[in-house]
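Next come the chains, spelled out residue by residue.
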Amino acid sequence: MSDLVRAVREALAARGEPVSRLGYFCAPFRPQSGDLSDKVIKTYRGGRDPELLEQLARRHDQYVECLTRAGVRMPETKFLILNEAGYLQPVIVQQALDQDTLLRPQIEAAELERALDLIDSAALSIAQFWAAVSQRPERIGYHPSIRNFAMDADGPIFFDTFPPLIGYSREEMGRLLLRFSESGMIRSVGSVFPERIRAIQDEWYSPAGTILGLIGSAIRLRPADRTAILERARVFARRHLEGEMRDEVLEGLDKPPRLPAIWTTTRRVLGLEGKPNV
Ligand SMILES: Nc1ncnc2c1ncn2[C@@H]1O[C@H](COP(=O)(O)OP(=O)(O)O)[C@@H](O)[C@H]1O
Ligand SMILES: [Mg+2]
């Protein structure tokens, strides 16, 4: 057993309070003491499906490499599978970010100009990611929601590497979304209406969709500043985007972006709406 695996087992055994319950797949927690007290541990729904999980581990490594090569700043992130007598438990161990750097509360609390700059800076990093991966042959996605970013003096930091959005077909990703949902309700609804779950990923595989998603969440966080946010997003698109992505974003900004209904419903049912309970 490696030292890291031993430390993760110890931390899980002494499990403290989660860092956040805002995740769809996991409730990350930060050990209060021990070797991993500067890390966040994210556990994912385990099972007895070694082939799927071993492929997932490989894809996770590929995805971290892909993000890094594309210039995305990330905390150090490792994926492991704990084996409890054949029951396999996927775990991510990630450098913990200072709570003050999380983007969502910063956007909520900032003065308008500062909030607009924060949104701009996240949007720019998203556009740079898509430009960097545009020539790669694999099917690659990105889920750069406000909740998945931190922001420090050097700019955006992205930290949500699960599920790894590389190499999976739409069909396969739909199955992964079901397989790893923490909610039994989603898993049963999803097995009856698989397309409802499959469609969750579509925004993550659409460059324009990820920018519109970001702007849409910013507006939901600061509804009073809707006009200013939309106006700044138009300036951003004209200045920093080109081609089809630019047209799609400008068009999308004219019909105010919303979360797909299934996603809002999912959030409501899971109780994930509103402020982070940290
Ligand atoms: N490295 C980290 N440091 C501090 N908080 C984190 C870290 N990673 C995740 N979190 C907190 O946990 C929440 C959910 O984590 P995330 O990795 O996005 O999981 P999910 O895939 O379930 O959305 C984040 O929105 C954030 O509040
Ligand atoms: Mg997340």
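Note that this is a predicted model, so its numbers are computed, not measured.

S.K.: Can you lay out the overall build of the protein chain for me, pointing to particular residues and giving the numbers?
M.R.: Helix and strand content of the protein chain: eleven helices and five strands. Counting contacts in the protein chain only where the partners sit at least 6 residues apart, residues at least 24 apart contribute 65% of the total.

S.K.: For the environment of Glu-54, give the residues involved together with the corresponding values.
M.R.: When you line up the elements, Glu-54 lands in helix H2 (residues 50–69). Once the C-alpha coordinates of Glu-54 and Pro-90 are considered, the two residues, 36 residues apart in sequence, prove to be 9.5 Å apart.

S.K.: Describe the pairing of strand E5 (residues 155–158), and please don't skip the residues or the numbers.
M.R.: Where strand E4 (residues 149–152) meets E5, four bridges bridge the pair, whose relative direction is antiparallel. Paired with Asp-152 across the strands is Gly-155, a residue of E5. Here E4 hands over to E5 after two residues, the two strands then running antiparallel side by side.

S.K.: Outline the nonpolar core, listing residues and values.
M.R.: Residues Ile-119, Leu-214 and Ile-215 are the most contacted members of the largest nonpolar core, which totals 42 residues. When contributions to this core are tallied by element, the ones reaching two or more residues are H2, helix H3 (103–109), helix H4 (112–133), E4, E5, helix H8 (207–221), helix H9 (226–240) and helix H10 (243–254).

S.K.: Describe in detail the packing of H4 against H9, supporting the description with residues and values.
M.R.: Contact pair H4 / H9: the axes reach a minimum separation of 10 Å and the direction vectors enclose 35°. Judged by the twist between their axes, the crossing of H4 over H9 is right-handed. Contacts from Leu-112, Leu-116, Ile-119, Asp-120, Ala-123, Leu-124 and Ala-127 in H4 reach Ala-228, Ile-229, Arg-232, Phe-236 and His-240 in H9. Per-class residue counts for the contact of H4 with H9 are nine nonpolar, one polar and two charged.

S.K.: For the sheet that holds strand E2 (residues 77–84), give the residues involved together with the corresponding values.
M.R.: Taken in spatial order, the three strands of this open sheet run E1-E3-E2, and their pairing is antiparallel. Across the chains shown, the open sheet's two edge strands, defined by having one partner strand only, are strand E1 (39–43) and E2. Pairwise comparison of adjacent strand axes, ignoring direction, gives a mean angle of 25° for this sheet. Each of E1, E2 and strand E3 (87–95) is contacted by helix H1 (residues 3–13), which is oriented at about 75° to E2, the strand it contacts most. Here H2 sits on the sheet in contact with E2 and E3, set at roughly 165° to E2.

S.K.: Which residues make up the site of ligand 1, and what values do they have?
M.R.: Near ligand 1 there are 21 residues, and of these Ser-20, Gly-23, Phe-25, Leu-97 and Asp-160 occur at the shortest range. Counting contributing residues, the shell around ligand 1 receives three or more from each of domain 1 (3–95) and domain 2 (99–270).

S.K.: Give a detailed account of the environment of Asp-225, specifying residues and quantitative values.
M.R.: Within the secondary structure, Asp-225 sits in the loop between H8 and H9. Owing to 16 C-beta atoms within 10 Å, Asp-225 belongs among the partly exposed residues under this scheme. Residues Asp-225 and Leu-116, spaced 109 residues apart in sequence, show a C-alpha to C-alpha distance of 9.6 Å.

S.K.: Account for the packing of H8 against H10, naming residues and giving values.
M.R.: Packing of H8 against H10 leaves a shortest axis separation of 9 Å and a crossing angle of 35°. Taken as a pair, H8 and H10 cross one another with a handedness that is right-handed. Contact residues: Pro-207, Ala-208, Ile-211, Leu-212 and Ile-215 in H8; Met-245, Glu-248, Val-249, Gly-252 and Leu-253 in H10. The residue inventory of the contact of H8 with H10, partitioned by class, reads eight nonpolar, one polar and one charged.

S.K.: So what's going on with the environment of Glu-248? Which residues, and what values?
M.R.: Within the secondary structure, Glu-248 sits in helix H10. The class of Glu-248 is partly exposed, set by 18 C-beta atoms lying within 10 Å. Between the alpha carbons of Glu-248 and Pro-207 there is a distance of 9.2 Å; along the sequence they are 41 residues apart.

S.K.: Run through the pairing of E1, naming residues and quoting values.
M.R.: The buried count for E1 comes to four of five residues, which makes it a mostly enclosed element. As paired strands, E1 and E3 are joined by five bridges and run antiparallel to one another. Bridging from a neighbouring strand, Thr-43 pairs with Val-91 of E3.

S.K.: So, unusual backbone geometry: which residues are in play, and what are the values?
M.R.: Cis geometry marks the peptide bond from Phe-162 to Pro-163, where omega comes out at -5°. Among the structural elements, Pro-163 can be located in the loop between E5 and helix H5 (170–180). Its identity as a non-glycine residue notwithstanding, Ala-85 has a phi of 50°, on the positive side. One can find Ala-85 in the loop between E2 and E3.

Parameters at a glance
Counting from 1, residues in each chain are numbered in the order their sequence is written. All chains are assigned letters beginning with A, and all ligands numbers beginning with 1, in the order in which they are written. Residue-level local features of this predicted model are given only where pLDDT is at least 70; pairs of side-chain atoms are given and counted only at 80 or more, and the full residue set underlies all totals for whole chains, interfaces and linings. Helical segments are the DSSP runs of H or I of at least four residues, strand segments are the runs of E of at least two, and each set is numbered from the N terminus. For every residue pair, C-beta atoms are placed from the backbone, and the pair is scored as a contact if these atoms sit within 7 Å. Pairing between strands is defined by DSSP: at least two bridges between the two strands are required. Put simply, a nonpolar core is a cluster of buried Ala, Val, Leu, Ile, Met, Phe, Trp, Tyr and Cys residues tied together by C-beta atoms within 7 Å. Counting other C-beta atoms within 10 Å of its own, a residue is labelled buried from 20 upward, exposed at 12 or fewer, and partly exposed in the gap between, with every C-beta atom placed from the backbone. Helix axes use the C-alpha atoms of the stretch in contact, all axes being lines fitted to C-alpha atoms, and the angles between their N-to-C directions lie in the range 0 to 180 degrees. In this scheme the handedness of a crossing depends on how the near helix is turned from the far one: anticlockwise by less than a right angle means left-handed, clockwise means right-handed. Amino acids are sorted into nonpolar (Ala, Val, Leu, Ile, Met, Phe, Trp, Tyr, Cys and Pro), charged (Asp, Glu, Lys and Arg) and polar (every other residue, Gly among them). Any residue qualifies as near a molecule or strand once its backbone-derived C-beta atom lies within 6 Å of it. The split of the chain into domains comes from an automatic or database domain assignment.

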